[in-house]
Amino acid sequence: MTTDSSSLLETFTNPNPDRDYTIQMEIPEFTCLCPKTGQPDFATLKLEYIPDRLCVELKSLKLYVWSYRDTGAFHEAVTNRILSDLVTVTAPRYMKLTAEFNVRGGIWTTVVVEHPQGD
């Protein structure tokens with residue numbers, strides 16, 4: 001089993017492209033680094049999407065998430081970047097990413113981004 005991270009997201013063909021259905025994933029072990037202090041930030045990512053022609057492959061998603069462990073990023077920036085990367089490779093009908101960051105300095109942060117963005 002590999003433990004190497006990768007920023008490459010892989011896809012596979014949607015087995016039911018004529019039907020709208022929702023895929024939900026919970027990724028409880030996301031980490032990145034605070035760009036100000038270098039300390040680790042921990043979050044649970046919740047991904048929900050309606051695929052069009054492509055679905056994200058889970059092992060590549062896991063390795064992609066691991067690639068952020070040594071990356072300094074503000075919560076808002078990293079959440080938007082992850083959604084943008086996922087939208088770029090899958091071109092979904094709808095996608096929503098919720099990043100629930102653990103408390104830091106007495107503040108819980110949750111960032112929610114959507115594609116397409118709701119009205």
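Nothing here was measured: the structure is a model prediction, and the numbers come from that model. Once a new chain begins, its residue numbering starts again from 1 and follows that chain's sequence as written. This being a predicted model, a pLDDT of at least 70 is required before a residue's local features are given, and a value of 80 or more before pairs of side-chain atoms are given or counted; all residues contribute to the totals for chains, interfaces and linings. Excluding hydrogens and water, the side-chain figures rest on all heavy atoms present in the structure.

Peer 1: Please provide a residue-by-residue account of helix H2 (residues 75-90), values included.
Peer 2: In a regular helix each residue adds 1.5 Å, so 16 residues correspond to 22 Å; H2 covers 23 Å between its end C-alpha atoms and thus fits that length. Among the residues trailing H2, alanine 91 stands out with phi positive, at a value near 45°. Every helix listed is a DSSP run of H or I at least four residues long, and every strand listed is a run of E at least two residues long, numbered separately from the N terminus. Each helix should span, by expectation, one fewer than its residue count multiplied by 1.5 Å.

Peer 1: Any details on the nonpolar core? Residues and values, ideally.
Peer 2: By size, the foremost hydrophobic cluster in this structure holds 28 residues, and its most contacted members are Phe30, Leu45, Leu47, Tyr49, Leu61, Ile82 and Leu86. Of all the secondary structure elements, the ones that give two or more residues to this core are strand S2 (23-33), strand S3 (40-50), strand S4 (54-56), helix H1 (58-66), H2, strand S5 (94-104) and strand S6 (107-115). Every residue pair with non-hydrogen atoms within 4.5 Å of one another is taken to be in contact. Among all residues touching tyrosine 49, those that are not within four sequence positions of it are Tyr21, Thr22, Ile23, Met25, Leu54, Cys55, Val56, Pro92, Tyr94 and Met95. Think of a nonpolar core as a cluster: buried Ala, Val, Leu, Ile, Met, Phe, Trp, Tyr and Cys residues, connected wherever their side-chain atoms sit within 4.5 Å. Relative accessible area decides the class of each residue, using a 1.4 Å probe on protein chains only: under 20% of the type maximum gives buried, over 50% gives exposed, and in between gives partly exposed.

Peer 1: Tell me about the sheet that holds S6, residues and numbers included.
Peer 2: Following DSSP output, two strands are said to pair if at least two bridges run between them. Taken together, four strands build an open sheet; the order of strands is S2-S3-S5-S6 and the sheet is antiparallel. Of all the strands in the sheet, the pair left with one neighbour each is S2 and S6. Averaged over all pairs of adjacent strands, the angle between strand axes in this sheet comes to 15°, irrespective of strand direction. Across the sheet, H1 touches S2 and S3, and the angle it forms with S2 is around 25°. Interaxial angle, 0 to 180 degrees, is taken between N-to-C directions of lines fitted to C-alpha atoms, where a helix line uses only the stretch in contact.

Peer 1: Lay out H1 in plain terms, naming residues and giving numbers.
Peer 2: Three or more residues of H1 are buried, namely Ser60, Leu61, Leu63, Tyr64, Val65 and Trp66. If you follow the buried residues of H1, they end up packed against S2, S3, S4 and H2. In protein, a polar contact requires one atom able to donate a hydrogen and another able to accept it; more generally it is a pair of N or O atoms within 3.5 Å, and residues adjacent in sequence count only if both atoms are side-chain atoms. For H1, the side-chain oxygen to backbone nitrogen distance between the N-cap and lysine 59 is 3.1 Å, and the N-cap itself is glutamate 57.

Peer 1: Any details on the pattern of salt bridges? Residues and values, ideally.
Peer 2: Any carboxyl oxygen of Asp or Glu within 4 Å of a side-chain nitrogen of Lys or Arg constitutes a salt bridge here. For the structure on display, the rule yields four salt bridges. Across the salt bridge formed by lysine 46 and glutamate 100, the nearest N and O atoms sit 3.5 Å from each other. Here the residue lysine 46 occupies a position in strand S3, and glutamate 100 occupies one in strand S5, the gap between them amounting to 54 residues. Arginine 93 is paired through a salt bridge with aspartate 52; the nearest N and O atoms lie 3.1 Å apart. With arginine 93 in the loop between H2 and S5 and aspartate 52 in the loop between S3 and S4, this residue pair connects regions lying 41 residues apart in the sequence. With relative accessibility at 31%, the residue arginine 93 sits in the partly exposed group. Members of the salt-bridge network, linked through shared partners, are Asp20, Asp52 and Arg93.

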